[in-house]
Amino acid sequence: MKKISFFTLFLLFGLFTNTFAQKGFQLGIKGGVTFNQVYTDAGSLGKNISQSYDTKTGYVAGIWTRFGDRVYLQPELLLAQKGGTIDIQNVGKVKFSYSNLDVPVLVGFKVLKIFRVNAGPVATFKLSEDQKLKDALRDLTSNDDAIKNASFGYQLGVGVKILGINLDLRKVGSLSEVSALNMSNNQFKDKGWQFTVGFKII
């Protein structure tokens, strides 16, 4: 199922490219860093789990497309490594990381040709996750359900183009659970910042 989802995404990406190639279409690459936190409402585990404000530094890299000029649509395919820290009673701080395929679809507006503002939803497909969080919570819950593969979130930010280089700073966050732990009434979400440097290819 995951392979089918990835194939569908790339197929749609190719269709967008062919359809809009003559309508202000641009294609580029980008890469940068993420600064991420994970938080939880904890639910029934609230007495045992609390948020840590430690920030996990990760990476992000991928391709972006842009359709339009002053007002534009910008779909992207990004490989992102994120993570966070949860403080668990009698265990301490547990740091963990995970890798996602993020697919944001942003609507943007150019200001004075070099400045941009944009915002939109992002679909996230989990690629991998370490076992540190699951191992740490094993004594607190007997729920060991299957890994959740997809979640949804948002991105909003600003950008500037200097000497042909696109610099972007975005606020990012999840709207649904990001952890592989599918625990009833206990959601783990993330939030943070993303800074990238991008180059236009086409």
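Residues numbered from 1 in each chain as written. Predicted model: local features only at pLDDT ≥ 70, side-chain atom pairs only at ≥ 80, totals over all residues. Heavy atoms only, no water.

*Asks:* What exactly am I supposed to notice about the overall build of the chain here?
*Replies:* Each helix and strand counted, the chain has 2 helices and 9 strands in total. Written out in order from the N terminus, the α and β elements of the chain read α-β-β-β-β-β-β-α-β-β-β. Taken over 202 residues, the chain has a buried fraction of 43%. Within the chain, counting contacts between residues at least 6 apart in sequence, those at least 24 apart form 67% of the total. (Helix = DSSP H or I, 4+ residues; strand = E, 2+ residues; numbered from the N terminus. Buried < 20%, exposed > 50% of the residue type's maximum accessible area, 1.4 Å probe, protein only. Contact = heavy atoms within 4.5 Å.)

*Asks:* Looking at this model, I keep getting lost on the pairing of strand β9 (residues 188-200). Mind explaining?
*Replies:* Pairing between strand β1 (residues 25-40) and β9: 13 bridges, direction antiparallel. Bridging across to β9, Phe35 finds its partner in Trp193. In terms of strand pairing, strand β8 (residues 165-174) meets β9 through 9 bridges, oriented antiparallel. Opposite Asn166, over in β9, you have Gly198 as the bridge partner. (Pairing = 2+ DSSP bridges.)

*Asks:* I keep staring at the confidence of the model for the chain and nothing clicks. Help me out?
*Replies:* Parts of the prediction with low pLDDT should not have their coordinates interpreted in detail. Averaged over all residues, the pLDDT of the chain is 79; the fraction at 70 or higher stands at 70%. Here helix α1 (residues 2-20) is the element of the chain with the lowest mean pLDDT, 54, and β8 is the one with the highest, 95. Counted against residues more than four places away or in other chains, residues 143-148, with its pLDDT under 50, gives 15 contacts. (pLDDT = per-residue confidence, 0-100.)

*Asks:* So what exactly am I meant to see when it comes to the nonpolar core here?
*Replies:* Nonpolar side chains in soluble globular proteins tend to be buried together. Counting residues in each nonpolar core, the largest one holds 9 residues, listed as Val38, Ile49, Ile86, Ile88, Val94, Phe96, Tyr98, Val178 and Phe188. For this core, the secondary structure elements donating two or more residues are β4 (71-88) and β5 (92-111). By residue number, the principal contributor to this core is β5, which donates 3 residues. (Core = buried A, V, L, I, M, F, W, Y, C linked by side-chain atoms within 4.5 Å.)

*Asks:* For this particular structure, what's the right way to read the environment of Val33?
*Replies:* Along the chain, the position of Val33 falls in strand β1. Along the sequence, Val33 and Thr57 sit 24 residues apart, while their C-alpha atoms lie 6.9 Å from each other. With near-sequence residues (within four places) excluded, Val33 lies in contact with Gly58, Tyr59, Val60, Trp193, Gln194 and Phe195.

*Asks:* I keep staring at the packing of aromatic side chains and nothing clicks. Help me out?
*Replies:* Each aromatic ring pair is characterised by the separation of its centres together with the angle its planes make. Using the criterion set out here, one finds 2 aromatic pairs in the structure. Taking NZ or CZ as reference, Arg66 lies 4.9 Å from the ring centre of Tyr72, over its face. (Phe/Tyr/Trp six-rings, centres within 6.5 Å; stacked < 30°, edge-to-face > 60°. Lys NZ or Arg CZ within 6 Å of the ring centre and 35° of its normal.)

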